[in-house]
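Coordinates in review
Here are the chains, one letter per residue:
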Amino acid sequence: MNSRNSDRRDCIYSCTKKMLKVPEHQVAGHIASDGKLGPLVDDQGRFFKPLQGDSRGEHEAKFYESFTSNKKVPDHIHRYFPVYHGTQLVEASDGSGKLPHLVLDDVVSGYANPSVMDVKIGSRTWYPDVSEEYFKKCIKKDRQTTTVSLGFRVSGFKIFDHQESSFWRAEKKLVLGYNADGARLALRKFVSSNSPADSNLTPNCAFASEVYGGCNGILAQLLELKDWFETQTLYHFNSCSILMIYENESILMKGGDDAPAPRAQVKLVDFAHVLDGNGVIDHNFLGGLCSFIKFIKDILQSVEKHDETDTSLLENGR
Ligand SMILES: O=P(O)(O)O[C@@H]1[C@@H](OP(=O)(O)O)[C@H](OP(=O)(O)O)[C@H](O)[C@H](OP(=O)(O)O)[C@H]1OP(=O)(O)O
Ligand SMILES: Nc1ncnc2c1ncn2[C@@H]1O[C@H](COP(=O)(O)OP(=O)(O)O)[C@@H](O)[C@H]1O
């Protein structure tokens, strides 16, 4: 491919003449490659998600409009959602001309080398009144993945590999084939410093305490979300994902004067299937979230146990 063609593929100009690119850190969903329709990002920290057909896009835009102005949602919960900046006509990634896109904050834009994981929450991705065809498609995938058995499934992830100074991306086919052990291993691998590419290595969970643990870590954020989900009856978050993001360079610099915090973040994304809660708890999301939290807690406990054993061996001079 000559460089002009490759420039055309990766860089698309919007109506405002801002350079838009295929997101480097997208880990799941529809991807804007090979002439397909998918999200784009600019260099100002904005994420442009094309409104999907068959009303899903309109539905997601309506959710953001409602959620953004909903005074019943506490401020500390708003921070778990990407900031919404309305919709905008943008040159679509599939070359089909200008299409409406949701304009969102790009939640990974502040990171140089983010590790990112998308986990779809809930023990079912279908919901009442969907078409028979959609129901069948969803239930098939829900049974084939850990959605039914665990109440969540890993949809995709990438890790910044320090040894190689490059990103390692989990293969989508393998990720969708995980059973409970596979999901557990992926969650351990996500916070490990040993080579993700080597499937024979046991993940060392070197970053687990800093990323999953601590008062600002992933677990604390998930627990804050759980608190809200235990009482909120405003929305039902069908087929919605939790994104986990952190930067591991900062952890490796620990102890250094300039060492920044790992900035472990939880964000919720994908609201194409959100329904009104109608005064009913979102049991599907809440149940999945509790199960996911248990997996994260178990990893933290196993790391703490390991550290305690090391300390007692040292104290006993062994
Ligand atoms: O197209 P597929 O089969 O990859 O399915 C998409 C899912 O990919 P998956 O293979 O489960 O990781 C995809 O899941 P992720 O975002 O990858 O977790 C979505 O569920 C997507 O539907 P929607 O945009 O939320 O309405 C799904 O898209 P639709 O097929 O519903 O358009
Ligand atoms: N606001 C955002 N900022 C950065 N990345 C995002 C944002 N929203 C979604 N993503 C990335 O795009 C992926 C797919 O998003 P999603 O909304 O689920 O799309 P789809 O509807 O195609 O499944 C996520 O896994 C994440 O990597």
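Not measured: the values here are computed from a predicted model.

The rules we used
Residues numbered from 1 in each chain as written. Chains lettered and ligands numbered in written order. Predicted model: local features only at pLDDT ≥ 70, side-chain atom pairs only at ≥ 80, totals over all residues. Heavy atoms only, no water. Helix = DSSP H or I, 4+ residues; strand = E, 2+ residues; numbered from the N terminus. Buried < 20%, exposed > 50% of the residue type's maximum accessible area, 1.4 Å probe, protein only. Contact = heavy atoms within 4.5 Å. Areas by Shrake-Rupley, 256 points an atom, 1.4 Å probe, with all protein chains shown as cover. Near = heavy atom within 4 Å. Polar contact = N/O pair within 3.5 Å; in protein donor to acceptor, adjacent residues only side chain to side chain. Nonpolar A, V, L, I, M, F, W, Y, C, P; charged D, E, K, R; others polar. Domains from an automatic or database assignment. Expected span 1.5 Å × (residues − 1). Arc of directions from axis to C-beta. Phe/Tyr/Trp six-rings, centres within 6.5 Å; stacked < 30°, edge-to-face > 60°. Lys NZ or Arg CZ within 6 Å of the ring centre and 35° of its normal. Pairing = 2+ DSSP bridges. Axes fitted to C-alpha atoms, helices over the stretch in contact; angles between N-to-C directions.

1. As for the overall build of the chain
Counting its regular elements, the chain contains eleven helices and 13 strands. Counting the 318 residues in the chain, one finds 47% classified as buried. Considering only intrachain contacts with a sequence separation of at least 6, the fraction spanning at least 24 residues in the chain is 67%. Of the accessible surface of the chain, which amounts to about 16,400 Å², a share of 50% is contributed by carbon and sulfur atoms.

2. Topic: the site of ligand 2
Taken together, 18 residues lie near ligand 2, and His30, Lys49, Asp105, Val107 and Asp118 sit nearest. The backbone of Ala28 places a nitrogen or oxygen atom 3.5 Å from an oxygen atom of ligand 2. Lys49 is positioned such that a nitrogen or oxygen atom in its side chain is 2.8 Å from an oxygen atom of ligand 2. Contact with the protein chains removes 93% of the 550 Å² of surface that ligand 2 exposes when unbound. Among the elements of the structure, strand S4 (46-50) and strand S6 (98-105) are those that each provide at least two residues to the shell around ligand 2. Split into classes, the residues belonging to the shell around ligand 2 amount to eight nonpolar, five polar and five charged. Each of domain 1 (3-105) and domain 2 (114-308) gives at least three residues to the shell around ligand 2.

3. Quick word on the environment of Leu300
Here Leu300 lies in helix H11 (residues 283-315). Sequence spacing of Leu300 and Met117 is 183 residues, and the spatial spacing of their C-alpha atoms is 18 Å.

4. Points about helix H2 (residues 56-68)
Counted at 1.5 Å a residue, the expected span for H2 with its 13 residues is 18 Å, and the 18 Å between its end C-alpha atoms agrees. Where H2 is concerned, the buried positions are Gly57, Glu60, Ala61, Phe63, Tyr64 and Phe67. Looking down the long axis of H2, one finds its buried residues gathered within 155 degrees of arc, a one-sided arrangement.

5. Some thoughts on the packing of aromatic side chains
On inspection of all chains with the given rule, the structure shows 26 aromatic pairs. Judged by centre distance (5.5 Å) and plane angle (70 degrees), the rings of Phe229 and Phe237 are edge-to-face. By the burial criterion, Phe229 is buried, and Phe237 matches it. Counting every residue linked through ring pairs, the aromatic cluster contains Phe63, Tyr64, Phe67, Phe81, Tyr84, Trp228, Phe229, Tyr235, Phe237, Phe271 and Phe285. One Lys or Arg, Arg263, reaches over the ring of Tyr111 and ends 4.1 Å from the middle of that ring.

6. Some remarks on the site of ligand 1
Among the 14 residues in the neighbourhood of ligand 1, the closest are listed as Gly29, Arg56, Lys137, Ser155 and His273. Ser155 has a polar side-chain atom sitting 2.7 Å from an oxygen atom of ligand 1. Asp270 is positioned such that a nitrogen or oxygen atom in its side chain is 2.9 Å from an oxygen atom of ligand 1. For ligand 1, whose unbound accessible area comes to 600 Å², protein coverage reaches 81%. Broken down by class, the residue content of the shell around ligand 1 amounts to two nonpolar, five polar and seven charged. Shared between two domains, the shell around ligand 1 takes at least three residues from each, and those domains are domain 1 (3-105) and domain 2 (114-308).

7. Notes on the sheet that holds strand S8 (residues 152-161)
In any sheet, the strands associate via hydrogen bonds between backbone groups, in a parallel or an antiparallel arrangement. An order of S9-S8-S7-S11-S12 is seen for the five strands of this open sheet, with the pairing classed as antiparallel. Across the chains shown, the open sheet's two edge strands, defined by having one partner strand only, are strand S9 (166-169) and strand S12 (265-269). Taken pair by pair, the neighbouring strands of this sheet meet at an average axis angle of 15 degrees, ignoring direction. Sitting on the sheet, helix H9 (residues 218-229) touches strand S11 (241-247) and S12, and the angle it makes with S12 is about 40 degrees.

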